[in-house]
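Reading the structure
So the chains spell out like this:
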Amino acid sequence: MKIAIAQLNYHIGNFYSNYQKIAKAIDNAKKNKVDIVIFSELAVCGYPPLDLLEQKDFISECENFLDKIKELCVNIAVIIGSPLINNNTGGKKLFNTAFFIHNKEIKSVHKKTLLPTYDVFDEYRYFEPNTEFQIAELH
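Below is a short write-up of the structure. Keep in mind it's a predicted model, so treat the numbers as computed, not measured.

Scoring rules and cut-offs
Residues numbered from 1 in each chain as written. Predicted model: local features only at pLDDT ≥ 70, side-chain atom pairs only at ≥ 80, totals over all residues. Heavy atoms only, no water. Helix = DSSP H or I, 4+ residues; strand = E, 2+ residues; numbered from the N terminus. Expected span 1.5 Å × (residues − 1). Buried < 20%, exposed > 50% of the residue type's maximum accessible area, 1.4 Å probe, protein only. Contact = heavy atoms within 4.5 Å. Disulfide = S-S within 2.5 Å. Patch = residues over 30% accessible without salt bridge, like charges linked within 9 Å, V, L, I, M, F, W, Y side chains within 5 Å. Areas by Shrake-Rupley, 256 points an atom, 1.4 Å probe, with all protein chains shown as cover. Salt bridge = Lys/Arg side-chain N within 4 Å of Asp/Glu carboxyl O. Pairing = 2+ DSSP bridges. Axes fitted to C-alpha atoms, helices over the stretch in contact; angles between N-to-C directions. 1 Å grid on protein atoms, 1.4 Å probe; cavity = no way out; pocket = protein on both sides within 12 Å on 5 of 7 lines; lining within 4 Å. Points joined across faces, edges and corners; volume = space filled by probe spheres on them. Nonpolar A, V, L, I, M, F, W, Y, C, P; charged D, E, K, R; others polar.

**Topic: helix 1 (residues 15-31)**
For the α-helix, the turn length of 3.6 residues means that residues three or four positions removed from each other point alike. For helix 1, which comprises 17 residues, the first-to-last C-alpha distance of 24 Å matches the rise-based estimate of 24 Å (1.5 Å per residue) to within 8%. Buried within helix 1 are the following residues: Phe15, Ser17, Asn18, Tyr19, Ile22, Ala23, Ala25, Ile26 and Ala29. Looking at the buried residues of helix 1, the elements they touch are strand 1 (3-6), strand 2 (36-39), helix 2 (56-72) and strand 3 (77-85). Lys33 occupies a position one or two residues after helix 1 and carries a positive phi of about 55°.

**Notes on the state of the cysteines**
Here the structure, examined in full by the defined rule, presents zero disulfides. For Cys45, which is in no disulfide, the shortest distance to another cysteine sulfur is to Cys62 and amounts to 4.2 Å. In this structure Cys45 comes out as buried when scored by relative accessible area, which is 0%. Unpaired in terms of disulfides, Cys73 finds its nearest cysteine sulfur in Cys62, a separation of 16 Å. Residue Cys73 is classed as buried on the basis of its relative accessible area of 0%.

**A few points about a nonpolar patch on the surface**
On the surface, Met1, Ile3 and Ile5 cluster together into a nonpolar patch covering about 360 Å² of accessible area. Within the element layout of this structure, Met1 appears in the segment before strand 1.

**Things to note about the sheet that holds strand 3**
Strands sit in the order 1-2-3-4-5 across an open sheet of five strands; the sheet is mixed. Each edge of the open sheet carries a strand with a single partner, namely strand 1 and strand 5 (105-111). Neighbouring strand axes in the sheet, compared pairwise and without regard to direction, differ in orientation by 30° on average. Where strand 2 lies against strand 3, three bridges are found, and the strand directions are parallel. The residue of strand 3 that forms the bridge with Val37 is Val78. Against the sheet, helix 2 makes contact with strand 3, strand 4 (94-102) and strand 5, and its axis sits at roughly 160° relative to strand 3, the strand it touches most.

**Let's talk about the layout of surface pockets**
Here the largest pocket is characterised by a volume of approximately 320 Å³. Surrounding the largest pocket, 13 residues form its lining, Leu53, Glu54, Ile59, Lys93 and Leu94 being those nearest its centre. In terms of residues, the lining of the largest pocket owes the most to one element, helix 2, which gives four residues. Each residue belonging to the lining of the largest pocket can be placed in one class, and the counts come to five nonpolar, two polar and six charged.

Structure representation (structure tokens):
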């Protein structure tokens, strides 16, 4: 299995620019016959988005661009980070999530468990920690 790591310079809230970088990385990976491309935490929206996570329009844009990224995932798998709305009535409103996408479909969702709360990081303020674990399979 050939794996590519796309460690790119994402900009917080600049969805279109982040999308262009992600699309280019996926295209390059396809040209190099890569099986799976792994992107950074919260790559769709940029990290750390902080209080922008409290705005509904910001979360909607994350969802919109995640849908666009899914369309690029033909004959290649992608793991990419974006916020996910927590539909449970208890806890924080969001999860910090890695989406496993293959052939235009989200195959599995992996929520972050250990949320840092030191230095400039205050993820527990915005995100609910994961309590369920699963494995993503490819080929």
